[in-house]
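Per-entry structural report
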Amino acid sequence: MKIGVFDSGIGGLSVVEAIKKTLPDEEVIFKNDTKNVPYGAKTPEQLFGLVLPILNQLAIKDGCQVIVIACNTVSTTIIDKLRKELEIPLVAMEPMIKPASRLTKTNKVTVCATPTTLKSKRYKQLKDLYGKGIEFVEPDCSDWSYMIETNNVDSKKIAQIVNDSCRQGSDVIVLACTHYHWIEDIIVSNARGRAVVIQPEEPVVKQLMRVLEQFA
Ligand code: DGL
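Note that the coordinates shown come from a computational prediction; the quantities given were computed from them, not determined experimentally. (Residues numbered from 1 in each chain as written. Predicted model: local features only at pLDDT ≥ 70, side-chain atom pairs only at ≥ 80, totals over all residues. Heavy atoms only, no water.)

Right, let's talk about the packing of helix H8 (residues 155-167) against helix H9 (residues 184-191) for a bit. It is the contact of H8 with H9, at a shortest axis distance of 9 Å, that shows an interaxial angle of 45 degrees. Considering the angle they form, H8 stands oblique to H9. Of the two elements, H8 crosses H9, and the hand of that crossing is right-handed. Here Ser-155, Ile-158, Ala-159, Val-162, Asn-163 and Cys-166 of H8 lie close against H9, whose contacting residues are Ile-186, Ile-187, Asn-190 and Ala-191. Looking at the contact of H8 with H9, its residues break down into 7 nonpolar, 3 polar and no charged. (Axes fitted to C-alpha atoms, helices over the stretch in contact; angles between N-to-C directions. Helix = DSSP H or I, 4+ residues; strand = E, 2+ residues; numbered from the N terminus. Parallel < 35°, antiparallel > 145°, perpendicular 65-115°, else oblique. Left-handed = near helix turned anticlockwise from the far one by under 90°. Contact = heavy atoms within 4.5 Å. Nonpolar A, V, L, I, M, F, W, Y, C, P; charged D, E, K, R; others polar.)

See below:
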């Protein structure tokens, strides 16, 4: 099997690692968009124009049978449109609102995501569906992808956002951007004893495995 993985930048590599750990025998082809990263403030229209040609390359030129969209920003905005264009299955990822709602005891959940994800209809829909009675704290993480992409992580700034969230009473922190998986350790160590940190690599790999079973 050839599995394509797409993200704007290095966030997707964390997902590639997770896939390879569980499925070491599958061929994984990773593509990102180094020219246009970060995607976090782009409109759905801009994203569609940038992403479709890259997915077509993965599907047609590289011959992938399935593509993992390792990008919340793309998944929460244009996944339906992309699915209409491509003939192969797309495995998407989205903010883990449902699991967070089950985990929280304080009914306060912090969601770290890009501005475009936080503005998306799908994110609002997830909160309406699963977040009744829960207050969502949405800190400004708009420069995190760039910091991570350029290897210029300001740990103090991240610690401050995590501390603010915990002080406000959040007991769950959702990492809803794959770039943030690379700073998970910093977030976990600052939240320790106060909030759990969740991110979707495991469920995404499980979903990928369910899709791959269809080809068996
Ligand atoms: N890693 C992506 C996400 O999960 C996009 C981050 C960015 O390019 O700003 O949302």
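After that view of the structure, there is still more to cover.
In this section: the sheet that holds strand E5 (residues 108-112). Within the open sheet, the 4 strands sit side by side as E6-E5-E7-E8. Their pairing is parallel. Bordering the open sheet on either side are strand E6 (135-137) and strand E8 (196-198), each of which pairs with just one other strand. The mean inter-strand angle of the sheet, taken between neighbouring strand axes irrespective of direction, is 25 degrees. The pairing of strand E7 (residues 172-175) with E8 spans 3 bridges and is parallel. Following the sheet pairing, Val-174 is matched in E8 by Ile-198. (Pairing = 2+ DSSP bridges.)

What follows covers the pattern of salt bridges. Across all of its chains, the model carries 8 salt bridges by this definition. Lys-31 is the salt-bridge partner of Asp-62, the closest N and O atoms lying 3.0 Å from each other. Of the two residues, Asp-62 is situated in the loop between helix H2 (44-61) and strand E3 (66-69) and Lys-31 in strand E2 (residues 27-31); the sequence distance between them amounts to 31 residues. For Asp-62, a relative accessible area of 15% corresponds to the buried category. The residue Lys-124 makes a salt bridge to Asp-128 at a minimum N-O spacing of 2.9 Å. Within this pair, Lys-124 and its partner Asp-128 are both found in helix H6 (residues 121-130), separated by 4 residues, close to a single helical turn. Residue classification places Asp-128 among the partly exposed residues on the basis of a relative accessible area of 40%. (Salt bridge = Lys/Arg side-chain N within 4 Å of Asp/Glu carboxyl O. Buried < 20%, exposed > 50% of the residue type's maximum accessible area, 1.4 Å probe, protein only.)

Glancing now at the site of the ligand. Taken together, 13 residues lie around the ligand, and Ser-8, Tyr-39, Thr-73, Thr-178 and His-179 are the ones closest in. For the ligand, an oxygen atom lies 3.1 Å from a polar atom in the side chain of Ser-145. Between the ligand and Thr-178, the relevant distance is 2.8 Å, taken from a nitrogen atom to a side-chain nitrogen or oxygen of the residue. Alone, the ligand offers 300 Å² of accessible surface; in the complex the protein occludes 99% of this. Its residues placed into classes, the shell around the ligand shows 4 nonpolar, 8 polar and 1 charged. (Near = heavy atom within 4 Å. Polar contact = N/O pair within 3.5 Å; in protein donor to acceptor, adjacent residues only side chain to side chain. Areas by Shrake-Rupley, 256 points an atom, 1.4 Å probe, with all protein chains shown as cover.)

This part covers the packing of aromatic side chains. We describe a pair of aromatic rings using the distance from one ring centre to the other and the angle between the two ring planes. On inspection of all chains with the given rule, the structure shows 2 aromatic pairs. For the ring pair Trp-144 and Tyr-180, a centre distance of 5.0 Å and an interplane angle of 70 degrees mean the geometry is edge-to-face. Taken together, the residues Trp-144 in helix H7 (residues 144-149) and Tyr-180 in the loop between E7 and H9 connect sequence positions 36 residues apart. Side by side, Trp-144 and Tyr-180 carry an identical accessibility label, which is buried. (Phe/Tyr/Trp six-rings, centres within 6.5 Å; stacked < 30°, edge-to-face > 60°.)

With that out of the way, let us pick up the pairing of strand E1 (residues 2-6). The buried fraction of E1 amounts to 4 of the 5 residues, a majority that puts the element mostly inside the structure. With 5 bridges connecting them, E1 and E2 associate as parallel partners. From the neighbouring strand, Gly-4 faces E2, where its bridge partner is Ile-29. Handedness of the β-α-β unit built from E1, helix H1 (residues 11-22) and E2 comes out right-handed. Relative to E3, E1 is paired through 4 bridges, and the arrangement is parallel. Paired with Phe-6 across the strands is Ile-69, a residue of E3. (Right-handed = clockwise from strand over helix to strand, strands pointing away.)

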